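A closer look at the structure
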Amino acid sequence: MESAVFIFSLIDCCALIFLSVYFIITLSDLECDYINARSCCSKLNKWVVPELIGHTIVTVLMLISLHWFIFLLNLPVATWNIYRYIMVPSGNMGVFDPTEIHNRGQLKSHMKEAMIKLGFHLLCFFMYLYSMILALIND
């Protein structure tokens, strides 16, 4: 059972790494003016909820399977994702809004957030990989 938890977490983490790289590439395309703000934000907003669900599932799975350290490591990022999704102003298109993305350095902060998430998911990937191998050896 424990190995199945880590296999699922590893697959989910690979998807989250892919999404983080996609966010970085799309935001850098906007920064270089290869795409306009509206198409960039619509592309990114389409993937906010799947990212939120994927990360929350892994966090709850670690809580249920009593892996406290990994749960506590994932909890702040999952909480931040939920907070960011809930606190979207009512007139905005989503977490990424084309009218505000160039204001007050939001593009830089979104880029920094995507880089931090990429680093976090890479750390989690190797942690899940190690835990999966350990669980498979112990079974």
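Residues numbered from 1 in each chain as written. Predicted model: local features only at pLDDT ≥ 70, side-chain atom pairs only at ≥ 80, totals over all residues. Heavy atoms only, no water.

**Observations concerning the overall build of the protein chain**
This is how it is decided: We count a stretch as a helix when DSSP gives it H or I for four or more residues in a row; a strand needs E for two or more, and each element gets its number in order from the N terminus. The buried label applies to any residue whose accessible area, calculated with a 1.4 Å probe on protein chains only, is under 20% of its type's maximum; exposed applies above 50%, and partly exposed to all values in between. Pairs of residues are marked as contacts when any of their non-hydrogen atoms sit within 4.5 Å. The accessible surface values rely on the Shrake-Rupley method and a 1.4 Å probe; as for residues, cover is taken only from the protein chains in view. For the charge count, each Lys or Arg is scored as positive and each Asp or Glu as negative, with His and the chain ends excluded. For this purpose, a charge sits on NZ of Lys, CZ of Arg, CG of Asp or CD of Glu.
On a plain count of helices and strands, the protein chain comes out with five helices and zero strands. The order of α-helices and β-strands along the protein chain, N terminus first, is α-α-α-α-α. The principal-axis extents of the C-alpha atoms in the protein chain amount to approximately 55 × 30 × 20 Å. Burial status across the protein chain gives 45% buried among its 139 residues. In the protein chain, once contacts between residues fewer than 6 apart in sequence are set aside, the share between residues at least 24 apart is 76%. Of the roughly 7900 Å² of accessible surface on the protein chain, a fraction of 72% belongs to carbon and sulfur atoms. Within the protein chain, the 10 negative side-chain charges are centred at a point lying 8 Å from the centre of the 8 positive side-chain charges.

**Structural notes on the UniProt feature "transmembrane region" (unreviewed entry) in the protein chain**
The criterion, for reference: UniProt positions are given in the numbering used here, feature names are shortened, and annotations may be inferred rather than shown by experiment.
In the numbering adopted here, UniProt assigns the feature "transmembrane region" (unreviewed entry) to residues 5-25, 52-75 and 118-137. Spanning residues 5-25, this segment combines 100% helix with 0% strand, and its end C-alpha atoms are found 30 Å apart. As a span, residues 52-75 carries 88% helix and 0% strand, and end to end its C-alpha atoms are 12 Å apart.

**Brief notes about a nonpolar patch on the surface**
For clarity, the cut-off: Residues qualify for a patch when their relative accessible area is over 30% and they have no salt bridge, like charges being joined within 9 Å and the nonpolar side chains of Val, Leu, Ile, Met, Phe, Trp and Tyr within 5 Å. Within this document, salt bridges are pairs made up of a side-chain nitrogen of Lys or Arg and a carboxyl oxygen of Asp or Glu, the two lying within 4 Å of each other.
On the surface, a nonpolar cluster with roughly 950 Å² of combined accessible area is contributed by F8, V49, I53, I57, W80, I82, Y83, Y85, I86 and M87. Those elements giving two or more residues to the nonpolar patch turn out to be α3 (48-64) and α4 (68-86). Here the nonpolar patch gets five residues from one element, more than from any other, and that element is α4. Looking at the secondary structure, you find W80 in helix α4. Residue classification places W80 among the partly exposed residues on the basis of a relative accessible area of 41%.

**Considerations on the nonpolar core**
The condition is simple: We define a nonpolar core as any set of buried Ala, Val, Leu, Ile, Met, Phe, Trp, Tyr and Cys residues linked to one another through side-chain atoms lying within 4.5 Å.
Judged by nonpolar contacts, the single largest core of 36 residues is most densely connected at M62, F96, I101 and Y128. Those elements that provide at least two residues to this core are α1 (2-31), α2 (37-45), α3, α4 and α5 (106-138).

**Re the packing of α1 against α2**
Cut-off, in case you're wondering: Only C-alpha atoms enter the line fits that serve as axes; for helices the fit covers just the stretch in contact. Angles between N-to-C directions range over 0 to 180 degrees. Roughly parallel covers angles under 35 degrees, roughly antiparallel covers those over 145, roughly perpendicular covers 65 to 115, and oblique covers all other angles. Three classes are used: nonpolar for Ala, Val, Leu, Ile, Met, Phe, Trp, Tyr, Cys and Pro, charged for Asp, Glu, Lys and Arg, and polar for all others, with Gly counted as polar.
Relative to each other, α1 and α2 sit at 170°, their axes nearing to 10 Å. Taken together, the axes of α1 and α2 lie roughly antiparallel to each other. Contact with α1, carried on its side by Y22, F23, T26, L27 and L30, involves A37, C40, K43 and L44 of α2 and no other residues of that element. Grouping the amino acids of the contact of α1 with α2 by side-chain chemistry returns seven nonpolar, one polar and one charged.

**A look at the pattern of salt bridges**
Evaluated as defined, the whole model comprises five salt bridges. Linking E31 and K108 is a salt bridge whose minimum nitrogen-to-oxygen distance equals 2.6 Å. Taken together, the positions of E31 in helix α1 and K108 in helix α5 put the pair 77 residues apart, joining distant regions of the chain. Using a relative accessible area of 35% as the deciding quantity, one classes E31 as partly exposed. Between E51 and K117 there is a salt bridge whose closest N-O contact spans 3.1 Å. You can see E51 sitting in helix α3 and its partner K117 sitting in helix α5, a full 66 residues away along the chain. Here E51 and K117 have matching classes, each one buried.

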